[in-house]
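Structural features, examined
Take a look at the letters that make up each chain.
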Amino acid sequence: MHSILAVFAHPDDETSVGPMLARYACEGHAVYLASVTSGQKGVRPDFGLAAGEELGAVREEELRCACRQLGIQEPFLLRFQDQGIAAPAVIEQVAARLRELIDQTRAEVIVTWGPDGITGHPDHRAAGDIATLVFQQQRLLRHTPRKLYYVALPESRLAEMPDTLGRNRTFYPVSDAFITTQVDCREHVEAGRRAVECHKSQWSPERMVQMKEMSRRVFGGQAFLRLALRSTPPPDGRETCILEGLD
Ligand SMILES: [Zn+2]
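In short, a report on the structure. (Residues numbered from 1 in each chain as written. Predicted model: local features only at pLDDT ≥ 70, side-chain atom pairs only at ≥ 80, totals over all residues.)

The next point concerns the nonpolar core. Formed by 60 residues in total, the largest nonpolar core has its most connected members in Leu 21, Ile 110 and Ala 127. With six residues, the single largest contributor to this core is helix H4 (residues 122-136). With residues up to four places along the chain from it excluded, the contact list for Ala 127 reads Val 7, Phe 8, Ala 9, Val 36, Ile 85, Thr 112 and Trp 113. (Core = buried A, V, L, I, M, F, W, Y, C linked by C-beta atoms within 7 Å. Buried ≥ 20, exposed ≤ 12 C-beta atoms within 10 Å, placed from the backbone. Helix = DSSP H or I, 4+ residues; strand = E, 2+ residues; numbered from the N terminus. Contact = placed C-beta atoms within 7 Å.)

Further remarks concern the sheet that holds strand S6 (residues 181-184). Across the sheet, seven strands lie side by side as S3-S2-S1-S4-S5-S7-S6; this open sheet has mixed pairing. The sheet terminates laterally at strand S3 (76-80) and S6, the two strands that pair on one side only. If you compare each strand with its neighbour and ignore which way they point, the axes differ by 25° on average. Inspection of the sheet shows strand S4 (residues 109-113) paired to strand S5 (residues 147-151) by five bridges, in the parallel sense. Looking at the pairing, Thr 112 lines up with Tyr 150 of S5. Along the sheet, H4 makes contact with strand S1 (3-8), strand S2 (30-37), S4, S5 and strand S7 (222-230), crossing S4 at roughly 150°. (Pairing = 2+ DSSP bridges. Axes fitted to C-alpha atoms, helices over the stretch in contact; angles between N-to-C directions.)

For the rest of this paragraph, the subject is helix H2 (residues 53-70). Over its 18 residues, H2 runs 25 Å from end to end, which matches the ideal 26 Å to within 8%, given 1.5 Å per residue. Those residues of H2 not exposed but buried are Leu 55, Gly 56, Val 58, Arg 59, Glu 62, Leu 63, Ala 66, Cys 67 and Leu 70. If you follow the buried residues of H2, they end up packed against helix H1 (18-26), S2 and helix H6 (189-196). Just past H2, the residue Gly 71 takes up positive phi, approximately 80°. (Expected span 1.5 Å × (residues − 1).)

Assignment of secondary structure puts Val 7 in strand S1. Classification of Val 7 by C-beta neighbours within 10 Å gives buried; the count is 29. Separated by 91 residues in the primary sequence, Val 7 and Leu 98 have C-alpha atoms spaced 8.5 Å apart. Setting aside residues no more than four positions away along its own chain, Val 7 makes contact with Ala 34, Leu 98, Ile 110, Thr 112, Ala 127 and Ala 131.

What follows concerns unusual backbone geometry. Across residues other than glycine, the phi torsion is negative in most instances, and most of the peptide bonds are trans. The residue Asp 12 is not glycine, and still its phi comes out positive at about 105°. Checked against the element boundaries, Asp 12 lands in the loop between S1 and H1. Positioned with a positive phi, Ile 118 is a non-glycine residue whose angle comes to about 60°. Within the fold, Ile 118 resides in the loop between S4 and H4.

Spelled out as structure tokens, the structure:
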């Protein structure tokens, strides 16, 4: 059994790799998710909640729901402020919490946002930057993770997204040449869909239908990642599993 820790910025970020997290949990691995903020500013105007702690509490419950649907462990809620984690004064506080979580979960694999954050959101970039910093500063960890991955949207897949499904929104895809790892999680797409439906404060029923269709068209039951850092042997070609090379 291996231990995997996903580190994201907001409740609902995990939907980017939901089926993959479900797959590894289903295979018997320990899969943990940390959300650095509670998404306290993620206002959907027609949902009826203003930005603030009440919205954050609703979103925390939505994330617990999503984790249950994915079959992974209860989320770690770090409760930093939405849109506030890129602030210099906060970065070291977040890093300290991540170090605690890595030691606590004995995570071997960390999955987080890359420099693109897929949408370019500053919180996404900051969460990924901080997780990377923590991974690199191994002297500060009692337990050292072995592999660090960035979630990626390959250019070739974005090209499959019809305009009607939101292709005109801001996305930051990466060149396919950067994709090191493609994980087949088709058997867990349904769990991923149920997890998406937990985030009712974020997406209207119509938008959820669009998102599921977008996920089907763009990702087709696959997760695409970049192996950013590792202490495992070099992969032999493109990986099909994030646990490759672990003892
Ligand atoms: Zn987000």
